[in-house]
Number of protein chains: 2
Amino acid sequence: MTSTYAVSESMEDYLKTIFKVINKQHVARPKDIAKILKVSAPSVTGALRSLAEKEFIHYSPYDLITLTQKGENAAKDVIRRHDVLQNFFEKVLLVEQKEADEVACRMEHVVSPNIMDRFISFIEFLEICPRAGEKWISGFGYYCDHDGKLDNCEKCIELTLENLREKKRKGGNEAMVVKKLNELEPGNKGRVVKVAVSGETGRRLVEMGVTAGTMVEIEKVAPFGDPIDIKVKGYHLSLRKEEAAGITIEPV
Amino acid sequence: MTSTYAVSESMEDYLKTIFKVINKQHVARPKDIAKILKVSAPSVTGALRSLAEKEFIHYSPYDLITLTQKGENAAKDVIRRHDVLQNFFEKVLLVEQKEADEVACRMEHVVSPNIMDRFISFIEFLEICPRAGEKWISGFGYYCDHDGKLDNCEKCIELTLENLREKKRKGGNEAMVVKKLNELEPGNKGRVVKVAVSGETGRRLVEMGVTAGTMVEIEKVAPFGDPIDIKVKGYHLSLRKEEAAGITIEPV
DNA sequence: TGACAGACTTAGGTTCGTCTAATATAATTA
DNA sequence: TAATTATATTAGACGAACCTAAGTCTGTCA
Ligand SMILES: [Mn+2]
Ligand SMILES: [Mn+2]
Ligand SMILES: [Mn+2]
Ligand SMILES: [Mn+2]
């Protein structure tokens, strides 16, 4: 059984750490990496040499460390896997943050791309399907904390059904509401209706499979609405305002 | 970060394999182990020496291999972790069996006891809470296969609510139905109402946290109803008929 | 500008899990 | 029972990922 990803678990953690350090303080130094990963300085030197050889980073002794494009992609991918898993543990299994983070950091290296996608879809479905959603998860919390007792499910279902009908009544009057991605606010979620973005970003979106039907969440909007940070399929993505304007969304 | 479990990932896989081989053909030989784990024969010899030293197995060169109690416990624990994960991937995330098995075999070594418990509770909750269950999971399947389209949720919720009320009407007339565990049939599930089992098995049940509220599933019943194989909290357990008779169940 | 402290690398060693080649033992079969 | 075949072990080596101890580089500051 060949390993699922291009580098070893250890190297993935180094890449992840380098990416995070660079994005936080512009430049990554071996000392920081050693501290974060709780390894000795010589271990870091060794890892750097190995990563440079495989062309994940630019590096020579005493030089500063930068990620190659390949390295950045790999790092982002590990981080995505980590985030999806941690999110699932925290938001669905209601596990405490520290443990969710720790276990995600071990699982991130072994989860398959396919199962990743399923986790993402599952969480989306959970958020969208009116049978489930937040209320249902809190019911799971009750179940866990009370030795397998179910909390009053009937009321909850009635309410759900009520809301669903309400929404439908309204929906019958107005046409499907769509907005441009740049018109949404942090925390808003929606489903992609159309993508009309050219250039590198457009290509990246297609590559990532961001097409009609994909769920998008607004994470952060900078002053003057540029750039806009979004989450799609577990990826964190930063869009220019004009790029975001090319994406049509049906808010959820 | 110290590793979560007592032995390395590799050794856990050896233990698991030894357990399975013994339970299948009574005696484990290095050749079988090598074949299953896809390693060379000398690798097996090395692993056996190492496991013997740590007292997980009884072994000396050319001798036959048996698990110590410690080894058997460890093996069962790995298998439980594996099964719970694989089950979640297959039954909840609707992942195909081969991949579910492979990824479970990697994750089994890094999932924490706590998150294990959550997975188990989550699956139970999914099976019990009338908002979710099988119908809901099949809705998730539809969602995955149709690019994020929701299948007619309203009808499904109405039906669920209907069933729930139906059940309640019936439930109002008759008192809570309870049975003895030995009266159930393979595939039946239920919630433990009372445990009155003495001896080693009783102690084991308590250790495993099998108390009022725990979900139990009947897996297999031998001819004449003895022994009875059950699944509790992810563990597979074999009970004598008289032991099973000491456990009161409310069928679900 | 030159010393020095702190950061980084080199040198060299350990453990783990794997391998191949050679050897020893056990089982089968003529 | 002797020869042959199948299995298992020993010997020795390797790469990955870590470590400690000992040097080397560099930015800072007197
Ligand atoms: Mn994290
Ligand atoms: Mn990690
Ligand atoms: Mn399996
Ligand atoms: Mn495994």
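Everything discussed here concerns the structure shown above.
Residues numbered from 1 in each chain as written. Chains lettered and ligands numbered in written order. Predicted model: local features only at pLDDT ≥ 70, side-chain atom pairs only at ≥ 80, totals over all residues. Heavy atoms only, no water.

Undergrad: How should I be thinking about the pattern of salt bridges in this particular structure?
TA: Residue and element names in this part refer to chain A. Tallied over the entire structure, the rule returns 24 salt bridges over all chains. In this structure, Asp77 engages Arg81 in a salt bridge whose closest nitrogen and oxygen atoms are separated by 2.6 Å. On the criterion of helical spacing, the pair formed by Asp77 and Arg81 is a turn pair, its members being 4 residues apart in helix α4 (residues 69-92). Since its relative accessible area comes to 22%, Asp77 is described here as partly exposed. What emerges from the salt-bridge pattern is a single network uniting Glu12, Asp77 and Arg81. (Salt bridge = Lys/Arg side-chain N within 4 Å of Asp/Glu carboxyl O. Helix = DSSP H or I, 4+ residues; strand = E, 2+ residues; numbered from the N terminus. Buried < 20%, exposed > 50% of the residue type's maximum accessible area, 1.4 Å probe, protein only.)

Undergrad: What is the right way to read the coordination of the manganese ion (ligand 1) from this model?
TA: Each pair of donors in an ideal octahedron of six around a metal sits at 90 or 180 degrees, and each pair in an ideal tetrahedron of four sits at 109.5 degrees. Residue and element names in this part refer to chain A. The protein atoms donating to the manganese ion (ligand 1) are His82 (NE2), Gln86 (OE1) and Asp101 (OD), with metal-donor distances spanning 1.9 to 2.1 Å. All donors of the manganese ion (ligand 1) come from a single chain, and their spacing in sequence reads H-x3-Q-x14-D. One end of the pair, Gln86, is in helix α4; the other, Asp101, is in helix α5 (residues 97-107), and 15 residues separate them in sequence. (Donors = N, O, S within 2.8 Å, 3.2 Å for Na, K, Ca; no water.)

Undergrad: What's the story with the environment of Ser10(A) in this structure? I'm lost.
TA: Residue and element names in this part refer to chain A. Secondary-structure assignment places Ser10 in helix α1 (residues 9-25). Classification of Ser10 by relative accessible area gives partly exposed; the value is 37%. Along the sequence, Ser10 and Ala47 sit 37 residues apart, while their C-alpha atoms lie 8.6 Å from each other.

Undergrad: How should I be thinking about the coordination of the manganese ion (ligand 2) in this particular structure?
TA: All names here are of chain A. The coordination sphere of the manganese ion (ligand 2) contains the protein donors Asp13 (OD), Cys105 (O), Cys105 (SG), Glu108 (OE) and His109 (NE2), at a distance range of 2.0 to 2.6 Å. Along the chain, the residues that donate to the manganese ion (ligand 2) are spaced as D-x91-C-x2-E-H. For Cys105, a relative accessible area of 24% corresponds to the partly exposed category. Of the residues examined, Glu108 reaches a relative accessible area of 0% and is grouped as buried.

Undergrad: Would you mind showing me how to read unusual backbone geometry here?
TA: Across the chain, the bulk of peptide bonds are trans and the bulk of non-glycine residues have phi less than zero. Residues and elements named next belong to chain A. Geometrically, the link from Asp226 to Pro227 is a cis peptide bond, its omega value of 0 degrees lying close to zero. The residue Pro227 is located in the loop between β5 (215-221) and β6 (228-232) in this model. Phi angles above zero are rare outside glycine, and Tyr62 is one such case at about 70 degrees.

Undergrad: Is there a simple way to think about the protein's contact with DNA strand C in this case?
TA: Surrounding DNA strand C, one finds 20 residues, the nearest of these being Thr45(A), Arg49(A), Tyr59(A), Ser8(B) and Ser43(B). In this structure, a phosphate oxygen belonging to DNA strand C sits 2.8 Å away from a side-chain N or O atom of Thr45(A). A distance of 2.7 Å separates a phosphate oxygen of DNA strand C from a polar atom in the side chain of Arg49(A). Across the surface near DNA strand C, the residue classes tally to 11 nonpolar, 5 polar and 4 charged. (Near = heavy atom within 4 Å. Polar contact = N/O pair within 3.5 Å; in protein donor to acceptor, adjacent residues only side chain to side chain. Nonpolar A, V, L, I, M, F, W, Y, C, P; charged D, E, K, R; others polar.)

Undergrad: Teacher, can you tell me more about the nonpolar core here?
TA: The tendency in soluble globular proteins is for nonpolar side chains to be buried as a group. Within the largest apolar cluster, 61 residues are counted, with the highest numbers of intra-cluster contacts made by Phe89(A), Trp136(A), Phe89(B) and Trp136(B). When neighbours within four sequence positions are excluded, Phe89(A) is seen to be in contact with Leu94(A), Val95(A), Ala100(A), Val103(A), Ala104(A), Met107(A), Ile115(B) and Phe119(B). (Core = buried A, V, L, I, M, F, W, Y, C linked by side-chain atoms within 4.5 Å. Contact = heavy atoms within 4.5 Å.)

Undergrad: Any chance you could explain helix α7 (residues 133-145) of chain A here in plain terms?
TA: Within an α-helix, residues lying three or four positions from one another point in the same direction, as the helix has 3.6 residues per turn. With 13 residues, α7(A) should cover 18 Å at 1.5 Å per step; its first-to-last C-alpha distance of 19 Å lies within 8% of that length. Residues of α7(A) that are buried include every one of Gly133(A), Trp136(A), Ile137(A), Gly139(A), Phe140(A), Gly141(A) and Tyr143(A), and no others. Summarising the contacts, the buried residues of α7(A) are in contact with α4 and α6 (113-128) of chain A together with α6 (113-128), α7 (133-145), β4 (189-195) and β5 (215-221) of chain B. The positive-phi residue at the C-terminal boundary of α7(A) is Asp147(A), with phi of around 55 degrees. (Expected span 1.5 Å × (residues − 1).)

Undergrad: Whenever I open this one, the sheet that holds strand β7 (residues 235-239) of chain A confuses me. Can you help?
TA: Backbone hydrogen bonds are what pair the strands of a sheet, in a parallel or an antiparallel way. All names here are of chain A. Ordered in space as β3-β8-β4-β5-β6-β7, the 6 strands form an open sheet in which the pairing is antiparallel. Because the sheet does not close on itself, it has two edges, and the strands there are β3 (179-180) and β7. Where β6 meets β7, 5 bridges bridge the pair, whose relative direction is antiparallel. Bridge pairing in β7 places Ile228 opposite Leu239. (Pairing = 2+ DSSP bridges.)

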